[in-house]
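# Geometric and topological summary
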Amino acid sequence: MVRTVAIVVTAAVVGGLAGAAVGVAVGGGHATGAATTPQPVVGTNTSAVRSTARASALSPEAVYRTGSPAVVLITDTQTEVVPPTFFTPGGKQRVGALGSGFVVDRRGDVVTNDHVVQGATNIRVGFSGGATYPATIVGTDPTTDIAVVRVKAPSAALHPLRFAASSGVQVGDRVYAIGNPFGLERTMTAGIVSATGRDIQAPNGRTIAGAIQTDAPINHGNSGGPLLDRFGRVVGINAQLEGGTVDANVGIGFAVPSSTARTVASELLAHGHAEHPWLGVEIETIDPTVARVVRGLPSHGVVVLRVTKGSPADRAGIVAATKQVTVNGVSASTGGDAIVGLDGKPVSSSGTLTDLLAQRKPGDHVRLTVVRGSQTRTVDVTLGNVPG
């Protein structure tokens, strides 16, 4: 079972989320910053990222020393649904909750998970010096589980973190999670990137594609905290864990990729809400070893598993797979369309398609290269906005 990792004081977790198929929606939009205020870190320029990448990796001590002052403890009050029993009726009650977040600019903007502040009141943000300050919600996006709150804190308390491009993250990279597991403030855990391109389920049931899987221990209360690379830059937002019990971490955690988080946070800061380009398909990455055996599967790309009725893909004539085959114990879908390119760029996996779509916005026209059986064709699609 996949679980979110905020803490509800009376109930251990905010909720449980399960994995889902890829490609229904991805984060989109363009970073913006007000000219009269300091540029938000969510708009990090690429030259700064490149110069950091050429620098030497930091020691774990240095990662913590530079990163922990930016990490905050978020407490709030949320509404919890109480199920009925034989003796009492069901209803709702207000409970205290806590999670993590991190400062991204000198205005006091803090990025966290949507489920940390979903429906919250009385939000307070605690800093490493022990002081806490009131905060208000700037915007939330349940489709990507990203939210931004603004804290009224003195500038001396604000130490922004910077984002790195999550597209550069590779399996085996060293990573560090800083957060407030079980309320233990600014705890750092270390591990590696266990996998990339995972699919996790957002609070509203939609898919967050391209998630980073890590074995750095993530527990309840880590939600919204940063997953840092060896240079101390944010590559993900810790959001979920996989575990057999409510209280156990088994070394499988998931982070929303920084490419999604940065884009969505920028839109929340600019508009208070985010829009997401929508193709309307569920997909799976083609296994090259299976493709060599199964007729009709290209050597790379993604197979369309399902097409949402009335979606942009449906209107463009994209067809879902009709058959399921098994090769050496590996299941594969075939008999429908496989997407192998977008606007002339190759699509090698679900993560690649997600990254390419994340650079677009609703209303954009894209050209898909699609294979069905032995036929290759191009399909023009006008991207939609994720349905509410």
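Before going into details, it helps to say that this report is about the structure given with it. No experiment lies behind these values; they were computed from the predicted model shown.

Once that is clear, we can look at the nonpolar core. The biggest cluster of nonpolar side chains holds 28 residues, and the ones touching the most others in it are Phe102, Val111, Ile146, Phe163, Val234 and Ile237. Elements represented by at least two residues in this core include exactly strand S8 (146–151), strand S9 (174–179), strand S11 (207–214), strand S13 (234–242), strand S14 (253–257) and helix H4 (258–271). Looking at which element gives the most residues to this core, the answer is H4, with 5 residues. Leave out the neighbours within four places in its chain, and Val234 touches Phe102, Leu161, Arg162, Phe163, Ala164, Pro226, Leu227, Leu228 and Ser258.

Right, let's get into the packing of aromatic side chains. Taken as a whole, this structure holds 2 aromatic pairs when the rule is applied. Consider the rings of Phe127 and Tyr133, whose centres lie 5.9 Å apart with planes at 65°: the pair is edge-to-face. Since its relative accessible area comes to 5%, Phe127 is described here as buried.

Moving on, we get to H4. For H4, with 14 residues, the first-to-last C-alpha span of 19 Å sits near the 20 Å given by 1.5 Å per residue. The buried fraction of H4 amounts to 11 of the 14 residues, a majority that puts the element mostly inside the structure. By the burial criterion, the buried members of H4 are Ser258, Thr260, Ala261, Arg262, Thr263, Val264, Ala265, Ser266, Glu267, Leu268 and Leu269. Buried residues along H4 sit in contact with strand S5 (109–112), strand S7 (132–141), S8, S13 and S14. Following H4 by one or two positions, Gly272 adopts a phi angle in the positive range, close to 85°.

Looking now at unusual backbone geometry. You will see that Asp145, though not glycine, has its phi angle at about 60°, which is positive. With respect to the helices and strands, Asp145 occurs in the loop between S7 and S8. Even without a glycine there, the phi angle at Phe182 is positive, about 55°. Tracing the chain through its elements places Phe182 in the loop between S9 and strand S10 (187–201).

It is worth spelling out the pattern of salt bridges at this point. Across all of its chains, the model carries 11 salt bridges by this definition. A salt bridge links Asp337 to Arg377, with the nearest nitrogen and oxygen atoms 3.3 Å apart. Of this pair, Asp337 sits in the loop between strand S19 (330–334) and strand S20 (338–342) while Arg377 is found in strand S23 (residues 375–382), placing the two residues 40 residues apart along the sequence. According to the relative accessible area criterion, Asp337 is buried, its value standing at 1%. Residue Arg377 is classed as partly exposed on the basis of its relative accessible area, which comes to 29%. Between Lys361 and Asp364 there is a salt bridge whose closest N-O contact spans 3.5 Å. On the basis of relative accessible area, Lys361 is assigned to the partly exposed category, the value being 38%.

With respect to the helices, strands and loops of the structure, Thr334 is situated in strand S19. Overall, Thr334 belongs to the buried group, its relative accessible area being 8%. Apart from the residues lying within four places of it in its own chain, the contact partners of Thr334 are Val294, Arg295, Gly296, Leu297, Ala321, Thr322, Lys323 and Val325.

Turning to helix H2 (residues 60–67), its buried residues number three or more, namely Ala62, Val63 and Gly67. The arc enclosing the buried residues of H2, seen along the axis, measures out at 115°, which places them on a common side. Projecting away from the buried face of H2 at angles above 90 degrees are the exposed residues Glu61 and Arg65. Its buried side turned inward, H2 meets strand S3 (71–82), S9, S10 and strand S12 (226–228).

What counts, and at which threshold
- Residues numbered from 1 in each chain as written.
- Predicted model: local features only at pLDDT ≥ 70, side-chain atom pairs only at ≥ 80, totals over all residues.
- Heavy atoms only, no water.
- Core = buried A, V, L, I, M, F, W, Y, C linked by side-chain atoms within 4.5 Å.
- Buried < 20%, exposed > 50% of the residue type's maximum accessible area, 1.4 Å probe, protein only.
- Helix = DSSP H or I, 4+ residues; strand = E, 2+ residues; numbered from the N terminus.
- Contact = heavy atoms within 4.5 Å.
- Phe/Tyr/Trp six-rings, centres within 6.5 Å; stacked < 30°, edge-to-face > 60°.
- Expected span 1.5 Å × (residues − 1).
- Salt bridge = Lys/Arg side-chain N within 4 Å of Asp/Glu carboxyl O.
- Arc of directions from axis to C-beta.

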